[in-house]
Amino acid sequence: MRSILFFLATLGAVASGLHAVEPDAAETSRPLVIEIRLEDTAITPIAARFIRRAINMAESQGAECLVIVLDTPGGLVDSTRQVVKDILQSNVPVVVYVAPPGARAASAGVFITMAGHVAVMAPGTNIGAAHPVELGGLPFRAPQQPGDETTKDKTPSDMSPREEKSINDTVAWARSLAELRGRNTDWATAAVEESRSVSASEAVKEQAVDLLADDLNDLLAKIHGRAVTTPRGTVTLNTQNAIVRSQRMWWGEQILSALASPNIAILLLIFGFYGVLFELYSPGWGVAGTLGVICLVLGFFSLAILPVNYVGLLLIVMGLTLFVAEVFVTSFGALTLGGAICLVLGGLMLVESPAGFIGVSLNVLIPIALSTAGITFFLLGNIVRTHRGKVLTGGEALIGTEAVASDNFVEDAGHYAGLVRTHGESWQAVCATPVDHGQRVAIVKREGLTLHVRTPAHGNPDSSNQPDKVPQS
């Protein structure tokens, strides 16, 4: 799976290079700034790879700095740590710009912003709410809010060992980044422990970020001449009259980024289940089954990108199994209810995200659980009734019906053979006992073009060609 992602990222870099143009002499004398945008984007492995690729591009092209225009609700802890490591190890200064107005740097965005060599915010933005959130754990415990009488006296002894370790580790991480960049460590601690969030102006006042900028041009003007420390030493930014080169995700990364969503992952799995189930209901193999298999493959690929909790995945499989079992076991709806509960709990536990607001939404899970329960019960019920029902077409439909002898059967090799008529057709027939002309016989088996019949059959002999069903004993 990693090889596939590496191949796609390499292909994207090559594709991006094909569109590059040689700068003219005037441009080469001006400083270069690389800009990337993460707009309303969760920090996932795809976003982390995109940022790494942008840092490498900025280094290879000798850019003055890389500007990350950030707007994120949070992300995965492993991906966030990878982004922070790449920024700290970058030889090119990285400027994190929380923009445009209305954007936010929540949860994982706090750590990325604090890791930047320069942290800038646009007016009307906010930053904070970095309290660890265990989306997979139940019951859900909301982070402590300032002034909340029910939680402000909470001590470490009131927390579970796992929660205490997670908070302590995250606080230490936030403080270390703030110390490294010379920012307010107390605010970083409050952002984690109290889930504190502040506006752009408050963030500058509390030294959580460095400065405000109305737009990218204003940002470049304000950071010009600013000295920052990188692994290669102190660098003075020269961004006056700089050329801004925007770098965007190529289409492959955009697709992978969309797949790296827990909501998309579970929807693909459920739609794949629907497709295969519908194909089992229909004869042969068609579009529904093909699309179902494709959805399942994409769903498993999406789970390979995300940090999956296998207990949650097992609960989802158990839920689907209980839906199927409802048709074969008389539980009066208990299995369906259990399947819906397993599906919801499994969805909540599917993605492990202890340091970011990313997971399967209840607004997605509950409709999925209810619709799957209804569709599965109806569809599988029809499947079982169809399979258990009597065959109505073809030669097998003759078994269990009656025929009328067209002549007297003649003894032949230990049995009696003759012609019978049924459903307007004449058939060769054999019987273990003698059969007279016009006598009704019951069809018990078919071998090729020969029917095996038995006597006596109920009813009066006549020449009717519309046989009745044989009564079942």
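Details of the structure are given in the entry above.
Note that the coordinates shown come from a computational prediction; the quantities given were computed from them, not determined experimentally. All residue numbers here refer to positions counted from 1 along the written sequence of the relevant chain. Only residues with pLDDT of at least 70 get local features here, since the model is predicted, and only at 80 or more are side-chain atom pairs given and counted; chain-wide, interface and lining totals rely on the full set of residues. Note that the side-chain values use all heavy atoms of the structure and ignore hydrogens as well as water.

J.: Please give an account of the nonpolar core that cites residues and values.
T.: Counting residues in each nonpolar core, the largest one holds 51 residues, and the members touching the most others are L66, F111, M114 and I127. Any two residues having at least one pair of non-hydrogen atoms within 4.5 Å are treated as being in contact. In this structure L66 touches I34, I36, A54, I55, A58, V92, P93, V94 and V95, once residues within four positions along its chain are discounted. Within this scheme, the nonpolar core is defined by two criteria: the residues are buried Ala, Val, Leu, Ile, Met, Phe, Trp, Tyr or Cys, and they are joined through side-chain atoms within 4.5 Å. Whether a residue is buried, partly exposed or exposed follows from its accessible area with a 1.4 Å probe, protein chains only, as a fraction of its type maximum: under 20%, in between, or over 50%, in that order. Core analysis: the second largest hydrophobic core is formed by 27 residues, I266, Y274, L303 and L350 among them.

J.: Quick rundown of the packing of helix 3 (residues 45–60) against helix 10 (residues 251–259)? Include the residues and the values.
T.: Fitted lines through C-alpha atoms serve as axes, helices being fitted only where they are in contact, and the angles separating the N-to-C directions of these axes extend from 0 to 180 degrees. Numbering of helices and strands starts at the N terminus; helices are DSSP runs of H or I of at least 4 residues and strands are runs of E of at least 2. It is the contact of helix 3 with helix 10, at a shortest axis distance of 9 Å, that shows an interaxial angle of 150°. Relative to helix 10, the element helix 3 is oriented roughly antiparallel. Contacts between helix 3 and helix 10 involve I46, F50 and R53 from the first element and E253, L256 and S257 from the second. All amino acids are sorted into three groups, where Ala, Val, Leu, Ile, Met, Phe, Trp, Tyr, Cys and Pro are nonpolar, Asp, Glu, Lys and Arg are charged, and the leftover types, Gly among them, are polar. Taken together, the residues that form the contact of helix 3 with helix 10 break down as three nonpolar, one polar and two charged. Angles are sorted into four bins: roughly parallel if under 35 degrees, roughly antiparallel if over 145, roughly perpendicular if 65 to 115, and oblique for all others.

J.: I'd like a rundown of the sheet that holds strand 7 (residues 197–199), residues and numbers included.
T.: At least two bridges found by DSSP between two strands are what make those strands a pair. With mixed pairing, three strands are arranged side by side in an open sheet as 4-6-7. Edge positions in the sheet fall to strand 4 (104–106) and strand 7, since each of these pairs with one other strand and no more. Across the sheet, the axes of successive neighbouring strands diverge by a mean angle of 15°, strand direction being ignored. Summarising the sheet, strand 4 and strand 6 (residues 126–128) pair through three bridges and their orientation is parallel. The partner of A105 across the bridge, within strand 6, is I127. This element, helix 5 (residues 108–115), spans strand 4 and strand 6 of the sheet and lies at about 105° to strand 4.

J.: So what's going on with helix 9 (residues 216–223)? Which residues, and what values?
T.: Those residues of helix 9 that sit buried are L216, D218, L219, L220 and I223. Its buried side turned inward, helix 9 meets strand 1 (32–39), strand 2 (65–71), strand 3 (94–98), strand 5 (118–121), strand 8 (211–212) and strand 11 (243–247). A distance of 3.2 Å separates the backbone nitrogen of N217 from a side-chain oxygen at the start of helix 9, and that oxygen is part of D215. Backbone geometry just after helix 9 places G225 at a positive phi near 85°. Distance and chemistry together define a polar contact, namely a pair of N or O atoms within 3.5 Å, with one atom able to donate a hydrogen and the other to accept it when in protein, and with adjacent residues in sequence counting only for side-chain atoms on both sides.

J.: Residue-level account of the packing of aromatic side chains, with values.
T.: Think of a pair of aromatic rings as described by two things: how far the centres are apart, and how the planes are tilted against each other in angle. Centres within 6.5 Å are what make two rings of Phe, Tyr or Trp a pair, Trp counting through its six-membered ring; a difference in plane orientation under 30 degrees is then read as stacked, over 60 as edge-to-face, and the rest as tilted. Overall, the coordinates contain four aromatic pairs when judged by the stated rule. When the centroid spacing of 4.3 Å and the interplanar angle of 10° are considered together, the rings of F111 and W173 count as stacked. One end of the pair, F111, is in helix 5; the other, W173, is in helix 6 (residues 161–180), and 62 residues separate them in sequence. Given a relative accessible area of 1%, F111 falls into the buried group. Here W250 and W251 contribute two aromatic rings whose centre-to-centre distance is 5.1 Å and whose plane-to-plane angle is 70°, an arrangement assigned as edge-to-face. Look at W251 and you get exposed, because its relative accessible area is 59%.

J.: Any chance you could break down the packing of helix 4 (residues 77–88) against helix 5 for me, citing the residues and the numbers?
T.: Closest axis-to-axis distance for the helix 4/helix 5 pair is 9 Å, and the angle between their directions is 5°. In terms of their interaxial angle, helix 4 and helix 5 are classed as roughly parallel. The segment helix 4 lies against helix 5, with T80, V83, V84, I87 and L88 engaging A108, F111, I112 and A115. A per-class count over the contact of helix 4 with helix 5 returns eight nonpolar, one polar and no charged.

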